[in-house]
Amino acid sequence: MSAASVERPHHDRPLIAEANRLLDRLPGHRVEIIGGQILVSPPPDGAHATALTELMVPFLAAGLHGTESKVLQGVGLWLPSGTEDYAVPDLALMDADFQEHLVENNCYDPIAFRLVLEVTSSNYQTDLRTKVSAYAGAGVPAYIIVDRRHKRLHVLTDPARDEYANHRVHASGELVTLPDFLGAKVTLDVAEILKAGQPKSD
């Protein structure tokens, strides 16, 4: 268990202070600091939210939101890549005692995370590249990406330094069973998830 850090004065955390100012000015946006750079993501569209809910269902059905683990949206993950780095994945599977692992700025130690998941938006390259390195570097055991642009589901496991040793790409029509270390059997229907994530045409 990592010790929680004492809240530091804002002048000692200039990036975090600026990130929090941006959050106040841009309601609905997601603000993160990765590699010493502030990243701002637009508010999710309705299809993004629908895909996220579709993804939660099999985790909840498997009993993963209970006494041993929690399925949570928008929880900050403190990154070891920089003194102020953190990310906010769309969805996370966390140990039930995650609140004991608070670091700072509403972000938690990576040790509490079993899996992180992102549903891509217009800034999809962040999820497909930048966050792969960030989450692997933090030692998060599994990273799932719903790539709405290219209509694929990525499952990355076995973090090693700043990459995942195992990266499998799945297409519509496949059923994907996630690793057992999550704590229960979870199977994702790629077609259903991708369909949920497609915005309706005008």
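Here's what I pulled together on the structure shown here. Computed from a predicted structure; not experimentally measured.

### A few points about the overall build of the protein
Secondary structure assignment for the protein yields four helices and 14 strands. Oriented by its inertia axes, the alpha-carbon framework of the protein measures out at about 50 × 40 × 30 Å. Burial statistics for the protein: of 202 residues in total, 47% are counted as buried. Considering only contacts within the protein whose residues lie at least 6 apart along the sequence, 54% involve residues at least 24 apart. Taken as a whole, the protein presents about 10,100 Å² of accessible surface, with 50% of it coming from carbon and sulfur. Positive and negative side-chain charges of the protein, numbering 18 and 27 respectively, have mean locations separated by a distance of 5 Å.

### Concerning the side chain of T120
Positionally, T120 belongs in the loop between β9 (113–119) and α3 (124–137). If we skip the residues at most four places from it in the chain, T120 touches H48, D127, I145, V146, D147, R148 and R149.

### Quick look at the sheet that holds β9
Pairing in this open sheet of six strands is mixed, and the strands run β3-β6-β9-β10-β11-β12 from one edge to the other. The outermost strands of the open sheet, each flanked by one partner alone, are β3 (69–73) and β12 (163–170). Strand-to-strand twist of the sheet, defined as the mean angle between neighbouring strand axes without regard to direction, takes the value 15°. As defined by bridge partners, strand β11 (residues 152–160) adjoins β12 across seven bridges and the pair is classed as antiparallel. Bridge pairing in β12 links P159 to Y164. Here helix α2 (residues 46–61) sits on the sheet and contacts β3, β6 (91–95), β9 and β10 (142–147); the angle it forms with β9, its principal contact strand, is near 150°. Strand contacts of α3: β9, β10, β11 and β12, with the helix running at about 170° to β10, the strand carrying the most contacts.

### Considering the layout of surface pockets
Here the largest pocket defines a volume of roughly 480 Å³. For the largest pocket, the lining is made up of 31 residues, of which H29, R30, G74, V88 and P89 are closest to its centre. In terms of residue class, the lining of the largest pocket is built from 13 nonpolar, 13 polar and five charged.

### Some details on the side chain of H170
Relative to the helices and strands, H170 resides in strand β12. Within polar-contact distance, the side chain of H170 engages the side chain of E174 at 3.0 Å. Setting aside residues up to four positions removed in sequence, H170 forms contacts with R152, L153, V155, V176 and V190.

### Notes on the packing of aromatic side chains
Inspection of the entire model under this criterion finds two aromatic pairs. Where F98 meets Y108, the ring centres are 5.2 Å apart and the plane angle is 75°; that geometry is what we call edge-to-face. With F98 in the loop between β6 and β7 (102–104) and Y108 in strand β8 (residues 107–108), the pair connects residues that are 10 residues apart, well separated along the chain. Accessibility assignment for this pair places F98 and Y108 in one class, buried. When the centroid spacing of 4.9 Å and the interplanar angle of 80° are considered together, the rings of Y135 and Y143 count as edge-to-face. Residue Y135 shares its accessibility class with Y143, and that shared class is buried.

### Details of the pattern of salt bridges
Counted under the stated rule, the structure contains nine salt bridges. In this structure, E104 and R13 form a salt bridge, with 3.0 Å as the shortest nitrogen-oxygen distance. Residue E104 is found in strand β7, and its partner R13 is found in the segment before α1 (14–25); the two are separated by 91 residues along the sequence. In this pair, the class of E104 matches that of R13, namely buried. A salt bridge links R30 to E118; the shortest N-O distance between them is 3.1 Å. With a gap of 88 residues between them, R30 in strand β1 (residues 30–34) and E118 in strand β9 connect regions that are remote in the sequence. Per residue, the accessibility class of R30 equals that of E118, and both read buried. Through salt bridges with shared partners, a single ionic network connects R30, E32, D90, E118 and K131.

### Concerning the environment of A160
Relative to the helices and strands, A160 is located in strand β11. When the C-alpha positions of A160 and G139 are compared, they lie 7.4 Å apart, and in sequence the two are 21 residues distant.

So, how was this worked out
- Residues numbered from 1 in each chain as written.
- Predicted model: local features only at pLDDT ≥ 70, side-chain atom pairs only at ≥ 80, totals over all residues.
- Heavy atoms only, no water.
- Helix = DSSP H or I, 4+ residues; strand = E, 2+ residues; numbered from the N terminus.
- Buried < 20%, exposed > 50% of the residue type's maximum accessible area, 1.4 Å probe, protein only.
- Contact = heavy atoms within 4.5 Å.
- Areas by Shrake-Rupley, 256 points an atom, 1.4 Å probe, with all protein chains shown as cover.
- Lys, Arg positive; Asp, Glu negative; His and termini not counted.
- Charge placed at Lys NZ, Arg CZ, Asp CG, Glu CD.
- Pairing = 2+ DSSP bridges.
- Axes fitted to C-alpha atoms, helices over the stretch in contact; angles between N-to-C directions.
- 1 Å grid on protein atoms, 1.4 Å probe; cavity = no way out; pocket = protein on both sides within 12 Å on 5 of 7 lines; lining within 4 Å.
- Points joined across faces, edges and corners; volume = space filled by probe spheres on them.
- Nonpolar A, V, L, I, M, F, W, Y, C, P; charged D, E, K, R; others polar.
- Polar contact = N/O pair within 3.5 Å; in protein donor to acceptor, adjacent residues only side chain to side chain.
- Phe/Tyr/Trp six-rings, centres within 6.5 Å; stacked < 30°, edge-to-face > 60°.
- Salt bridge = Lys/Arg side-chain N within 4 Å of Asp/Glu carboxyl O.

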